Amino acid sequence: MICKINQKQKRVSLSTLLPLFIILIYCTTMLLGCADTSDKKIKIGLSMDSLRVERWQKDRDIFKAEAEKLGAEVIVQSADGDPLKQNEQAENMITQGVDVLVVIPEDSVASSQIVESAHAEGIKVIAYDRLIRDSEPDLYISFDNEQVGYLQAEYLLRKKPKGNFFLLGGDPGDNNAQLLREGQLRALQPALDNGNIQLVADGKHWAVGWDPLDALNKAEQVLTLTNNQIDAVVASNDGTAGGVVQALEGQNLAGNVLVSGQDADLEACQRIVKGTQTMTVYKPIRLIATEAAHAAVALAKGETIQKADQTVNNGKIDVPSIILTPIQVDKDNLDEVVIKDGYHSQEDVYKSE
Ligand code: BGC
């Protein structure tokens with residue numbers, strides 16, 4: 001039997017089928033869409049200034065391992081201390097479709113471009129350890145860097161309440177270097193005001209790129225300039241402290257001049273044991289890297305970061321922040337703080353003895 005469909009029947013069947021068809025397509029898209037979000041691995045881009053200082057390798061390894069444990073994939077790029085390269089690498093990670101960018105900026109201002117590019121694609125940005133200025137990062141996680149500077153200078157002043165102090169900062173483009181200087185001056189101001197201490201060597205106060213070699217050169221110049229009349233060097237991290245100690249060794253002054261630091265680098269811990277570096281400031285890297293990994297995954301999921309219980313102004317906005325506590329370390333509490341925390345082994349720290 002030949003079944004003939006007349007025009008009316010055709011219109012009826014089409015008008016009943018069309019909505020069903022649309023519903024079918026909608027449901028399939030929804031299902032696929034849902035499956036897509038739940039199955040899709042979160043992709044995190046970690047954009048690093050450089051890996052030169054020992055700590056950054058630990059930051060990278062711990063962050064990556066923790067994020068992977070949470071089911072995310074991590075792409076790491078290091079810019080070898082070049083801000084332009086860092087911006088290019090970040091653009092590249094944005095193109096690769098990362099869900100979140102975690103940035104350790106080489107330059108606190110130049111990196112604002114990274115935030116803008118990421119936000120244009122709906123990608124959240126975490127400023128890791130160093131603040132990104134003049135932009136709207138979604139989170140800042142760091143240690144209290146002003147307090148790090150305070151702890152450095154306070155310690156040296158306690159040991160040497162009178163004399164000539166040389167302040168050697170880190171890279172001037174790093175927001176942390178500025179905060180450290182503020183903290184150092186906060187500790188020293190009363191002694192400067194009453195004339196107990198003097199600051200020497202105007203204009204030699206920053207180690208460009210946190211470079212130990214630049215620190216060595218600047219320390220040598222200052223020693224020449226003052227005829228070796230230096231009592232304490234407030235070096236802003238352990239790498240630059242290493243350069244300073246080398247300059248002091250050249251004048252047979254190592255151990256007689258107080259030197260501060262930061263990071264508890266293995267070599268710095270060994271110098272503290274030996275007596276050529278006075279102190280360092282320990283910042284538990286496991287803590288910051290783990291917190292940052294959890295925050296990155298949470299931001300990728302669109303969650304709010306409960307632990308960001310304070311804000312830090314970056315010149316444009318009050319950035320939600322997690323600020324961790326640094327610890328003063330000298331030869332008396334090195335074992336208790338650094339070794340006990342598993343940062344270095346007892347054997348490695350005391351190797352040179
Ligand atoms: C970090 C220090 C580090 C320095 C050089 C600073 O921003 O806070 O821990 O030693 O950069 O890399």
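*Asks:* Which residues make up the overall build of the protein chain, and what are the values?
*Replies:* When its secondary structure is counted, the protein chain shows twelve helices and 13 strands. Here the protein chain holds 353 residues, and the buried ones make up 49% of them. About 17100 Å² of surface is accessible on the protein chain, with carbon and sulfur atoms providing 52% of the total.

*Asks:* If you had to explain the layout of surface pockets to someone new, which residues and values would you point to?
*Replies:* As a volume, the largest pocket reaches approximately 590 Å³. Looking at the largest pocket, it is lined by 33 residues, and the ones nearest its centre are R52, V53, W210, N237 and G239. Per element, the largest residue contribution to the lining of the largest pocket is five residues, and it comes from helix α8 (residues 238-250). Tallied by class, residues from the lining of the largest pocket come to seven nonpolar, ten polar and 16 charged.

*Asks:* With reference to specific residues and values, describe the packing of aromatic side chains.
*Replies:* Inspection of the entire model under this criterion finds two aromatic pairs. Relative to Y128, the ring of F63 has its centre 6.5 Å away and its plane inclined at 90°; by these criteria the two rings are edge-to-face. With F63 in helix α2 (residues 54-69) and Y128 in strand β4 (residues 124-128), this pair connects stretches of sequence that are 65 residues apart. Of the two residues, F63 and Y128, neither departs from the other in class, the shared state being buried. Relative to Y343, the ring of Y282 has its centre 5.2 Å away and its plane inclined at 70°; by these criteria the two rings are edge-to-face.

*Asks:* So what about the sheet that holds strand β12 (residues 318-324)? Which residues, and what values?
*Replies:* Sheet architecture is open: seven strands sit in the order β2-β1-β3-β4-β5-β12-β11, paired in mixed fashion. Taken across any chain shown, the strands that pair with only one partner, and hence form the sheet edges, are β2 (73-78) and β11 (310-313). Within this sheet the neighbouring strands show an average axis-to-axis angle of 25°, counted without direction. Across three bridges, the pairing between β4 and strand β5 (residues 139-143) is parallel. Of the residues in β5, the one forming a bridge with Y128 is I141. Most of the contacts of helix α10 (residues 285-300) go to β4, to which it runs at about 170°, and overall it touches β1 (43-48), β3 (100-104), β4, β5 and β12.

*Asks:* How would you sum up the sheet that holds strand β8 (residues 232-235)? Please name residues and give values.
*Replies:* If you walk across this open sheet you meet the four strands as β7-β6-β8-β9, and the pairing is parallel. Unpaired on one side and paired on the other, β7 (197-199) and β9 (258-259) mark the two borders of the sheet. Where helix α5 (residues 145-159) meets the sheet, it contacts β6 (163-168), β7, β8 and β9, and its direction lies at approximately 170° from that of β8.

*Asks:* Could you give me a rundown of the confidence of the model for the protein chain, with the residues and numbers involved?
*Replies:* Averaged over all residues, the pLDDT of the protein chain equals 92, while 88% of them reach at least 70. With pLDDT under 50 throughout, residues 29-37 is counted as low confidence; its partners more than four residues away or in other chains account for zero contacts.

*Asks:* Account for the pairing of β8, with residues named and values stated.
*Replies:* By the alternation rule, side chains of β8 split into A232 and V234 and V233 and A235, which are all buried. Note that β6 and β8 share four bridges and pair parallel. The residue of β8 that forms the bridge with F165 is A232. Two strands pair when backbone bridges link them, and β8 and β9 are joined in this way by two bridges, in the parallel orientation. Along β9, the bridge assignment pairs V233 with V259. The parallel pair β8 and β9, bridged by α8, forms a crossover whose chirality is right-handed.

Rules used throughout
All chains use their own residue numbering, which begins from 1 and follows the written sequence. Given that the model is predicted, a residue must reach a pLDDT of at least 70 before its local features are reported, and side-chain atom pairs must reach 80 or more before they are shown or counted; all residues, however, enter totals for whole chains, interfaces and linings. The side-chain values count all of the structure's non-hydrogen atoms but skip hydrogen atoms and water molecules. Secondary structure elements are defined from DSSP: runs of H or I of at least 4 residues count as helices, runs of E of at least 2 residues count as strands, and each element is numbered from the N terminus. Burial here depends on accessible area, computed with a 1.4 Å probe over protein chains only, as a share of the maximum for the residue type. Under 20% is buried, over 50% is exposed, and the range in between is partly exposed. Only the protein chains shown count as cover for residues, with accessible areas throughout obtained via the Shrake-Rupley method and a probe of 1.4 Å. The definitions used throughout rest on a 1 Å grid laid over the protein atoms alone, on which a cavity is an enclosed set of points accommodating a 1.4 Å probe that cannot get out and a pocket is an open set flanked by protein within 12 Å on both sides along at least five of seven lines; lining residues are those having an atom within 4 Å of a point. Grid points are joined across faces, edges and corners, and a volume is the space filled by probe spheres set on the points. Following the grouping adopted for this structure description, the nonpolar residues are Ala, Val, Leu, Ile, Met, Phe, Trp, Tyr, Cys and Pro, the charged ones are Asp, Glu, Lys and Arg, and the polar ones are all others, Gly among them. Geometry of aromatic contacts follows a simple scheme: Phe, Tyr and Trp rings, the Trp one being its six-membered ring, pair when their centres are within 6.5 Å, and the pair is stacked under 30 degrees between planes, edge-to-face over 60, tilted otherwise. Think of it this way: DSSP has to see at least two bridges between two strands before they count as a pair. Between N-to-C directions, angles cover 0 to 180 degrees, with each direction set by a line fitted to C-alpha atoms, over the stretch in contact for helices. Contacts: residue pairs with any heavy atoms within 4.5 Å of one another. Values of pLDDT, ranging from 0 to 100, describe the predictor's confidence in every residue of the model. If you view a crossover with the strands going away from you and the path from the first strand over the helix to the second runs clockwise, you call it right-handed.

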